[in-house]
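The lines below spell out each chain.
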Amino acid sequence: MSDRTRCFRRYAPGAIATPVTPPADAGVTAMHRVARNDVADLAALVELVDAGAVAIDISASRPLSDLADVHRLSEAGDIRGKVLLTP
């Protein structure tokens, strides 16, 4: 079990996590996680991010007006990481 998987299981009780098989050449492992919205869980996750224990891969920052383009890129599989949309 990876450190990230342990993190989610520890800080998000009741979450459902299932493995995802990324393309063989992606060089990553993936986990699909579904959880309930919980203020305490979110606060714990923020603490982990602030402490550097969890990294967020922000691949781009785009204006909110580009939302449709970002969706198209995502559907085509052309986005890796998170895209930060700014108003």
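How each quantity is defined
Per chain, residues are indexed from 1 in the order of the written sequence. Residues qualify for local features only when their pLDDT is at least 70, as the model is predicted, and side-chain atom pairs are given and counted only at 80 or more; totals for whole chains, interfaces and linings, by contrast, use all residues. Heavy atoms throughout the structure, all of them, feed into the side-chain values; hydrogens and water do not. Put simply, a salt bridge is a Lys or Arg side-chain nitrogen that is within 4 Å of an Asp or Glu carboxyl oxygen. Counting from the N terminus, the helices are the DSSP runs of H or I reaching at least four residues and the strands are the DSSP runs of E reaching at least two. Here's how the labels work: a residue is buried when its accessible area is under 20% of the maximum for its type, exposed when over 50%, partly exposed in between, all with a 1.4 Å probe on protein chains only. Excluding any residue in a salt bridge, patches collect residues exceeding 30% relative accessible area, merging like charges within 9 Å and nonpolar Val, Leu, Ile, Met, Phe, Trp and Tyr side chains within 5 Å. Surface accessibility follows the Shrake-Rupley procedure with a 1.4 Å probe radius. Residue values consider only the protein chains on display as shielding. Whether two residues touch is decided by their heavy atoms; if any such pair falls within 4.5 Å, the residues are in contact. By this definition, two strands are paired if DSSP reports at least two bridges between them. By definition, the crossover connecting two strands over a helix is right-handed if that path, from the first strand to the second, turns clockwise as seen with the strands pointing away from the viewer. By this rule the span expected of a helix is its residue count minus one, scaled by 1.5 Å. Arc definition: it is the arc formed by the directions from the helix axis to the C-beta atoms.

Caption draft 1: Region of the structure containing the pattern of salt bridges. The tally for this structure, following the rule as stated, stands at 2 salt bridges. The partner of R62 in a salt bridge is D66, and the shortest N-O contact between them spans 3.1 Å. R72 is paired through a salt bridge with D69; the nearest N and O atoms lie 2.6 Å apart. Note that R72 and D69 are positioned in helix 3 (residues 67–75) at a spacing of 3 residues, about one turn of the helix. Residue classification places R72 among the partly exposed positions, given a relative accessible area of 49%.

Caption draft 2: The arrangement of a nonpolar patch on the surface in detail. On the surface, L42, L45 and V46 cluster together into a nonpolar patch covering about 240 Å² of accessible area. Secondary-structure assignment places L42 in helix 2 (residues 39–50). Judged by its relative accessible area of 53%, L42 is exposed.

Caption draft 3: Broad picture of the environment of R80. With respect to the helices and strands, the residue R80 is situated in the loop between helix 3 and strand 4 (82–86). Overall, the relative accessible area of 53% leaves R80 in the exposed class. Distance in space between the C-alpha atoms of R80 and D57 is 8.1 Å, their sequence separation being 23 residues. Ignoring sequence-local partners within four residues, the contact set of R80 consists of A26, V28, D57 and S59.

Caption draft 4: A look at the pairing of strand 3 (residues 58–63). Two strands pair when backbone bridges link them, and strand 3 and strand 4 are joined in this way by 5 bridges, in the parallel orientation. Within strand 4, the residue paired with P63 across the bridge is T86. Each parallel crossover has a hand, and for strand 3 linked through helix 3 to strand 4 it is right-handed.

Caption draft 5: Spatial organisation of helix 2. Under the 1.5 Å per step criterion, the end-to-end length of helix 2 is 16 Å for 12 residues, consistent within 8% with the ideal 16 Å. All of the buried residues in helix 2 are D41, A44 and L48. Looking straight down helix 2, one finds its buried side chains confined to an arc of 65 degrees; they lie on one side. Exposed and facing more than 90 degrees away from the buried side of helix 2 are V39, L42, E47 and D50. Looking one or two residues past helix 2, G52 carries a phi angle of roughly 80 degrees, positive in sign.

So yeah, pure geometry; function would need other evidence.
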